[in-house]
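Chain and residue survey
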Amino acid sequence: MSVKAFELVPAVERDLLMGDKARINIECIECCGKHLYLGTNDCFIHHFLLDEVTTSKGKLSYSAQKLLHKYLGLKKPVAELRAASALERLIVLCDAIVFLVDMVTLETVPSAAGGGAKIRGVTAFCINENPVNGDPFCVEMGVLSSKRRTVQIYMVYEDRVQLVKEVNTPEQPCAVSLDGYFLCLALATQYMILNYNTGASQDLFPYSSEERKPIVKRIGREEFLLAAPGGLGMFANAEGVSQRAPVNWSESVISAAVCFPYVVALDESFITIHSMLDQQLKQTLSFRDGHILQDFEGKVILASTKAVYVLVPLPLERQIQDLLASHRVEEALILTEGAQRNIPKDKFQILHKRILQQAGFIQFGQLQFLEAKEHFRKGQLDVRELISLYPLLLPASSSFTRCHPPLHEFADLNHLAQGDQEKVLHCKKFLISYLGEVRSTEVANGCREDVDTALLKLYAEQDHESLLDLLASDNSCVLADSVPWLEKYHKFFALGLLYHYNGQDSAALQMWIRVVDGELQDSTRSDLFEYIVDFLCSSSNLDLIWKYADWALRKDPTKGVHIFTKRPQSKHLSELNPDDVITHLGKHTMALLLYLEHLVLERKSQKEKFHTHLAVLYLERVLSLLSESPRDEEQITRARERLQALLRESNLYSVQVLLGKLENCEQLLLERATLHGKLEEHDKALHILVHKLRDFPSAEAFCIWASCSRDCAYRQRLFHLLLEVYLKGNHTSAGGGVGDPEMAAVDLLNRHGEVFDAVRVLRMLPEGWSLQLLRPFLDRSVRASMHACRTSQIALGLSHSENLQLLHDRLKERKKPIYVSEKKGCHLCHNTFSEPDVVCLPGGVPVHKHCVAQRVRDSPTKSQLTNSSNHT
Amino acid sequence: MPELSKMKKPDVKVVLLGDMNVGKTSLLHRYTERKFKDTISTVGGAFFLKQWGPYNISIWDTAGREQFHGLGSMYCRGAAAIILTYDVTNWQSLSELEERFLSLTDTANHDCIYALVGNKVDLTDPKAHQSQDSDVASEDRTDSEDMRTEPQLPTPPTSPASLSGVMLQKQVTPEDAAALYGRILRYKGLDETSSQPAEKMCFETSAKTGYNVDSLFEALFDLVLPSILRQRNENQESPTVDLEECRGSSNKRAKSSCC
Ligand SMILES: Nc1nc2c(ncn2[C@@H]2O[C@H](COP(=O)(O)OP(=O)(O)OP(=O)(O)O)[C@@H](O)[C@H]2O)c(=O)[nH]1
Ligand SMILES: [Mg+2]
């Protein structure tokens, strides 16, 4: 594949140069801006002004205007010309002499007083374009002389030349090029690199300069292009290493130059153009009698013996587009990037971006997604260019239109894939990953809606798991476009999320409810019901809750009630009024019960209403279970246990209400007993327990429970009451009961003897009871009363002695006055005294009356120690 | 393919040397493009850049033709590994290595690694008719694009032997190669005990079937890693290269000045 990279444009026609003098030949050229100098074989220098003209057809042409010509007076051909524009001098080689000529007048510069302006015996010279010495008013020059095996380094000034260095070479050098300190030399049998500063040298490769004219061309910083055996153009850097593969010229190549990225070479009949990037021959132009090819500041100029031409590179963009058209992406990009230096920065950036984007699309078309992505990224592609390839992905509301001229040749994805579904799928997968990556970057700025909507559509269509993540997080999906799409792909759950994200919770719930109810099919979430409950649970919209809670409760009251019971306590959520909830839960008994349990048991509500309501519900449940047949005893037991627990533990419910409901129920005697207990109608309770239920352990437990937060006297009263009930009721009960109340009485006494007042018990007990029967009780009673008697005697004694002590103190203190002043503080409160009434602590310490009173109240133990005495 | 690579600077250089027609270009093709295709005798040289982990390795394919012989030492300058290639069906190609190519390697790094590769074993050894397991595995490993490329092209008959299916006489045995390897070490003034052993550095390959080709390159790349690291370190120390230091024995001025 070839490229048209250059065009050959005539610059100075034969007529203009020599008219009809047929023997005149061009020997050398120099071009410096618009100034073109030609040296001829008859020792003339011609000076032209070369103007670029763009024709009406947009083609470039040159018009040359002759300014001057001058005979140098040596009768020999002008061998070489070099401009030193900063010095306004031309360096001329003619008749083996180097001398200086004024650039404008073409007059030879006379030697200055201090030194010569001529070098004799020169075969060739070169200018250092990259001198180490940075003086702008002199030019560094490498000179080969015909006699010695040396290279001389000269400094050229306005009016003189000065030898600064001379280095020896192993053989006679015949061509030279210079960069920094590095001389690149063609010797008789080889090329070499020579550092004129250090003298270090590096052989490159053998070349017979006698056989073929060597080429030594500096092409860039420390890099040279050399003619090698077999018609090769070899690259070598200053270290003697080849970093680019050689290009393949013909054997007869005369000269060569680099016009990045091309190597241009001239042989007897052709100009060949190779790319340095892939070493391939890109273009061949036929050119007869060519004998000069040189580049001047990027402009390649050729000359035959009679005329001058410019090798004009075709507009870069056209070359690049040609390359892109043949899908040579890398070449196109390298060409573009290589041109960076030659194009204004902003223009380059636009061009570069566009080429990157085009390259990306070419690679995209070849399914080279990695490369494509990289180029899209670097080229800052408007993602919508890519999205718009996929039919229907951009939202209808998008204002996007593809850029013109188009970045690619594809109408759309189907056109690109030519019906290959696998290809389509690959492309979609790529877009998914690409959009996923860019949606949160600046790439998506200004088109977030388009990107997110496209992504949503792809996710839905491809059944991609990230659909939900997209919708659950910040997104800009366009609702109008997304709804039908999600419906089409049965993504109803996702659609609900989208509604929710757009503040349409009601629509979301309706969608989900239809899925749960089986009206719509979407298996995204198997726990969608729970999800809805959760959703309502944390919804801030009360209307919504009231509206949809009913449905949830009907569907599953146990889970549905979580809407109310699991509602998070947070500032952002308004509290639900429990009364409202209860009203609302009205007919959902089960849920109501759970809710009340939540209020009473978990949230420890202190409202009588709720406690009563819950107790009533428990009771109703028990009653309804009892009325079932057959009965489920296990359930009944559980239900009763709950009821009983609540009746026992809560103090808030209305006992009367419950009692009213239990009045006629003979099955729930235990519960009734508890209620009586709550009313402190202990006799009724015990009566039920002992005589109706004959459940003595419960009766005993009742006494303990009913007195558990009371004092001993209260408990004693209860136990006595129980004892009485046992004993009194004896005759009323039938003999064949499970247990005998009388025996229960004995057990009670023997077990809880300490609670009873033994004297009263003895009075109550029937005459006929044996002592043996009551032995444990009596033992304990006697021991207890003995103990009490002795303890009180000790206490009495101690009190006596304390009393005496105090009397003694009092007597002692009476003798001296007790000083009370406003400056003295009370030992207990440390405030001063304001009135004369004080109390003296033992030892005569005065304190406030109220302080002592307080002290006595607070610590009853100490009251016995602090016997107060009034004192004035 | 290699266009892109020109932009990156290689970390290390591997050079293929050997007489013309031994199959250097074919080996490089096989390795980089996983195909055996028609070649024309290489002009000058060419190179390919291989991404090896974080490193860029440039592999230079040189021309075996006598005409380009002089360029060889320039290609070898600074090389970290040199693959000396011969044709197992051609004794001459082995002796050329010693007579003509060995001296070109004088410009290589002092720690350069040398591999001796006898190519075209498919012509002499039936076992080389399938590419090795490792080769298949590595084909899997390379990017999936490779999997999509059309099945291997039927290779054009390249020699009478493959036409008739008759095996050719093997002219170079592995022992011959090992012996040459020993002589190379001696030429380099290297100690056999401290250098890579011959078994490790002598390969028999077939660019045509792919036999042993990946193993060859991968083994070499692994061996040049230390060289890469060393070079990176050196570059950190002195970013510019002093010619004085890399002045080789071929420097005539240096020679003359010392006596
Ligand atoms: N049978 C067989 N033929 C091969 C093999 N390798 C290369 N060839 C053939 O040998 C010939 C030369 O191969 P090239 O790869 O061009 O050889 P080269 O070493 O690059 O030659 P130059 O570039 O001239 O130095 C071609 O016809 C190839 O088809 C191989 O492994 N087996
Ligand atoms: Mg080759």
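Summarised in this report is the structure supplied together with it.

Rules and cut-offs
- Residues numbered from 1 in each chain as written.
- Chains lettered and ligands numbered in written order.
- Predicted model: local features only at pLDDT ≥ 70, side-chain atom pairs only at ≥ 80, totals over all residues.
- Heavy atoms only, no water.
- Helix = DSSP H or I, 4+ residues; strand = E, 2+ residues; numbered from the N terminus.
- Contact = heavy atoms within 4.5 Å.
- Areas by Shrake-Rupley, 256 points an atom, 1.4 Å probe, with all protein chains shown as cover.
- Buried < 20%, exposed > 50% of the residue type's maximum accessible area, 1.4 Å probe, protein only.
- Pairing = 2+ DSSP bridges.
- Donors = N, O, S within 2.8 Å, 3.2 Å for Na, K, Ca; no water.
- Axes fitted to C-alpha atoms, helices over the stretch in contact; angles between N-to-C directions.
- Parallel < 35°, antiparallel > 145°, perpendicular 65-115°, else oblique.
- Left-handed = near helix turned anticlockwise from the far one by under 90°.
- Nonpolar A, V, L, I, M, F, W, Y, C, P; charged D, E, K, R; others polar.
- Near = heavy atom within 4 Å.
- Polar contact = N/O pair within 3.5 Å; in protein donor to acceptor, adjacent residues only side chain to side chain.
- Phe/Tyr/Trp six-rings, centres within 6.5 Å; stacked < 30°, edge-to-face > 60°.
- Lys NZ or Arg CZ within 6 Å of the ring centre and 35° of its normal.

1. Re the overall build of chain B
Along the backbone of chain B there are ten helices and six strands. The contacts in chain B between residues at least 6 apart in sequence include a share of 78% that link residues at least 24 apart. Just so you have it, chain B exposes about 12700 Å², and 54% of that area is on carbon and sulfur atoms.

2. Concerning the pairing of strand S6 (residues 78–84) of chain A
All names here are of chain A. Extensive coverage of S6 is indicated by the burial of five of its seven residues. When S6 meets strand S7 (residues 89–94), the two strands line up antiparallel, connected through six bridges. Note on S7: the bridge partner recorded for Ala 83 is Leu 90. Counted between consecutive antiparallel strands, the loop separating S6 from S7 contains four residues, among which Glu 88 sits at a positive phi close to 55°.

3. Some points on the coordination of the magnesium ion (ligand 2)
All names here are of chain B. Bound to the magnesium ion (ligand 2) are the protein donor atoms Thr 25 (OG1) and Thr 42 (OG1), situated 1.9 Å from the metal. With Thr 25 in helix H1 (residues 24–33) and Thr 42 in the loop between H1 and strand S2 (45–52), the pair connects residues that are 17 residues apart, well separated along the chain. Thr 42 shares its class with Thr 25; the two are buried.

4. Concerning the packing of helix H25 (residues 696–706) of chain A against helix H26 (residues 712–728) of chain A
Residues and elements named next belong to chain A. Orientation of H25 relative to H26, taken along the N-to-C sense of each, is 160°, at an axis distance of 9 Å. By the angle between their directions, the pair H25 and H26 is classed as roughly antiparallel. Here the hand of the crossing between H25 and H26 comes out right-handed. Contact residues: H25 offers Phe 696, Ala 699, Glu 700, Cys 703, Ile 704 and Ala 706, while H26 offers Tyr 714, Arg 715, Leu 718, Phe 719, Leu 722 and Tyr 726. Its residues assigned to classes, the contact of H25 with H26 comprises ten nonpolar, no polar and two charged.

5. Quick word on the sheet that holds strand S10 (residues 122–127) of chain A
All names here are of chain A. In space, the four strands of this open sheet follow the order S10-S11-S12-S13, with antiparallel pairing throughout. Edge positions in the open sheet fall to S10 and strand S13 (161–168), since each of these has one partner strand only. Averaged over all neighbouring strand pairs, the angle between strand axes comes to 25°, with direction disregarded. Relative to S13, strand S12 (residues 150–156) runs antiparallel, the two sharing seven bridges. Note that in S13 the partner of Ile 153 across the bridge is Lys 165.

6. Structural notes on the packing of helix H8 (residues 421–438) of chain A against helix H9 (residues 448–461) of chain A
Residue and element names in this part refer to chain A. Interaxial distance between H8 and H9 falls to 10 Å at its minimum, and their mutual angle equals 135°. By the angle between their directions, the pair H8 and H9 is classed as oblique. Here the hand of the crossing between H8 and H9 comes out left-handed. Only Val 451, Ala 454, Leu 455, Leu 458, Tyr 459 and Glu 461 of H9 make contact with H8, whose side of the interface consists of Lys 428, Leu 431, Ile 432, Leu 435 and Gly 436. For the contact of H8 with H9, the residue count by class is eight nonpolar, one polar and two charged.

7. Section: the site of ligand 1
Residue and element names in this part refer to chain B. Contacts to ligand 1 come from 22 residues, most closely from Lys 24, Ser 26, Thr 39, Ser 41 and Asp 122. A distance of 2.7 Å is found between an oxygen atom of ligand 1 and a side-chain nitrogen or oxygen belonging to Thr 25. With the chains in place, 93% of the 650 Å² that ligand 1 exposes on its own is no longer accessible. For the shell around ligand 1, the element with the most residues is H1, which contributes three residues. Taken together, the residues of the shell around ligand 1 break down into six nonpolar, eleven polar and five charged.

8. Comments concerning the sheet that holds strand S27 (residues 299–304) of chain A
All names here are of chain A. The four strands are arranged S1-S28-S27-S26 in an open sheet whose pairing can be described as antiparallel. Each edge of the open sheet is held by one strand with a lone partner, namely strand S1 (6–12) and strand S26 (290–296). Averaged over all adjacent pairs, the angle separating strand axes in this sheet is 25°, with direction ignored. Sheet analysis places S27 next to strand S28 (residues 308–313), joined by four bridges and oriented antiparallel. Paired with Ile 301 across the two strands is Val 310, which belongs to S28.

9. Focus on the packing of aromatic side chains
This structure, assessed with the given rule, holds 32 aromatic pairs over all chains. Seen from the ring of Phe235(A), Arg244(A) lies directly overhead, with NZ or CZ sitting 5.7 Å from the centre.

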